[in-house]
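Each chain, written out:
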Amino acid sequence: MAPQTCSPRLVLLFSGKRKSGKDFVTEALHSRLGADVCAVLRLSGPLKEQYAQEHGLDFQRLLDASTYKEAYRKDMIRWGEEKRQADPGFFCRKIVEGVSQPVWLVSDTRRVSDIQWFREAYGASAQMVRVVASEQSRQQRGWVFMTGVDDAESECGLDNFGDFDWVIENHGDEQCLEEQLGSLIEFVHSRL
């Protein structure tokens, strides 16, 4: 069940592989739509905060794209899976608390259980957006395959989901990306 908060008009659930550009795309949308219209929500935020507290780590350093975060990634994934098994909606409920904007951009949807929670809580307002990028594009952004990370549910859980409302291709072609973002922004405005 969703916590007490303003009911959103639209919840865009972004998914994609590491270094596909999920954060880049959500930040681009946020900057065009404005902070009064939309909020960027990160499921990994409360996960990393709780993990840092329980393990005596620097929460701020776990938020950036650093080697510090990468050193703890595998154990964080394991720990997060344990939390989700006990309560599938734990992190979903945390990120929506107190959000008042009509549009929510969930930048890091990784599991079918996340999608199910948002669809149950917000119905047709929840839309799936898959950000895709070629391996070459991802490698140019610093991606290197890591066993136990890139083959874990946190990276592969939605590979065969197939029920995406939107697919954003982010292979490095700025004009193509702008056209896709324009279409998505048009859709967002139609829901306001």
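Refer to the preceding data block for the structure.
Residues numbered from 1 in each chain as written. Predicted model: local features only at pLDDT ≥ 70, side-chain atom pairs only at ≥ 80, totals over all residues. Heavy atoms only, no water.

Caption draft 1: How the structure looks around the sheet that holds strand S3 (residues 103-106). Spatially, S2-S3-S1-S4-S5 is the arrangement adopted by the 5 strands of the open sheet, whose pairing is parallel. Edge positions in the sheet fall to strand S2 (38-41) and strand S5 (166-169), since each of these pairs with one other strand and no more. Each neighbouring strand pair of the sheet contributes to a mean axis angle of 20°, computed without reference to strand direction. Sheet topology note: the S2/S3 ladder contains 4 bridges and is parallel. Across the sheet, the residue bridging to alanine 39 is tryptophan 104, located in S3. The strands that helix H1 (residues 22-33) touches are strand S1 (10-15), S2, S3, strand S4 (126-132) and S5; relative to S2, the one it contacts most, it runs at about 160°. (Pairing = 2+ DSSP bridges. Helix = DSSP H or I, 4+ residues; strand = E, 2+ residues; numbered from the N terminus. Axes fitted to C-alpha atoms, helices over the stretch in contact; angles between N-to-C directions. Contact = heavy atoms within 4.5 Å.)

Caption draft 2: Main features of unusual backbone geometry. Positive phi, normally seen in glycine, also occurs at lysine 19, with a value near 65°. By secondary structure assignment, the location of lysine 19 is in the loop between S1 and H1.

Caption draft 3: Representation of the packing of H1 against helix H9 (residues 174-191) within the structure. Between H1 and H9, the least distance of the axes is 11 Å, while the angle of their chain directions is 55°. Relative to H9, the element H1 is oriented oblique. Considering how the two elements wind past one another, H1 and H9 form a crossing that is right-handed. The residues of H9 that touch H1, namely those facing Phe24, Val25, Ala28, Leu29, Arg32 and Leu33, are Leu177, Glu178, Leu181, Leu184, Ile185, Val188 and His189. (Parallel < 35°, antiparallel > 145°, perpendicular 65-115°, else oblique. Left-handed = near helix turned anticlockwise from the far one by under 90°.)

Caption draft 4: Inspection of the nonpolar core at higher detail. Core analysis: the biggest nonpolar cluster contains 28 residues, and Leu41, Val96, Val106 and Phe118 have the highest contact counts within it. Listing elements by their share of this core, those giving two or more residues are S1, S2, helix H2 (44-55), helix H4 (67-86), helix H5 (90-96), S3, helix H6 (112-122) and S4. Setting aside residues no more than four positions away along its own chain, leucine 41 makes contact with Ile95, Val96, Val99, Trp104, Leu105, Val106, Ser107 and Asp108. Listed in part, the 22 residues of the second largest apolar core include Leu10, Ala28, Trp166 and Leu181. (Core = buried A, V, L, I, M, F, W, Y, C linked by side-chain atoms within 4.5 Å. Buried < 20%, exposed > 50% of the residue type's maximum accessible area, 1.4 Å probe, protein only.)

Caption draft 5: Structural context of the environment of arginine 111. In this structure, arginine 111 sits in the loop between S3 and H6. Exposure remark for arginine 111: the relative accessible area of 4% places this residue in the buried category. When the C-alpha atoms of arginine 111 and glycine 56 are compared, they prove to be 27 Å apart, with 55 residues separating the residues in sequence. Beyond its immediate chain neighbours, meaning those up to four positions away, arginine 111 contacts Glu81, Arg84, Glu153, Ser154 and Leu158. Side-chain polar atoms of arginine 111 contact the side chain of glutamate 81, separated by 2.4 Å. (Polar contact = N/O pair within 3.5 Å; in protein donor to acceptor, adjacent residues only side chain to side chain.)

Caption draft 6: Here's a closer look at the pattern of salt bridges. Throughout the structure, instances matching the rule amount to 14 salt bridges. Of the charged contacts in the structure, one is a salt bridge between glutamate 27 and arginine 42, with a shortest N-O distance of 2.6 Å. Note that glutamate 27 is positioned in helix H1 and arginine 42 in the loop between S2 and H2, a separation of 15 residues in sequence. A salt bridge links aspartate 159 to arginine 130; the nearest nitrogen and oxygen atoms lie 3.1 Å apart. Highlighted residues: aspartate 159 in the loop between helix H8 (153-156) and S5 and arginine 130 in strand S4, separated in sequence by 29 residues. The class for aspartate 159 is partly exposed, based on a relative accessible area of 34%. It is possible to trace a salt-bridge network through shared partners that takes in Lys17, Arg130 and Asp159. (Salt bridge = Lys/Arg side-chain N within 4 Å of Asp/Glu carboxyl O.)

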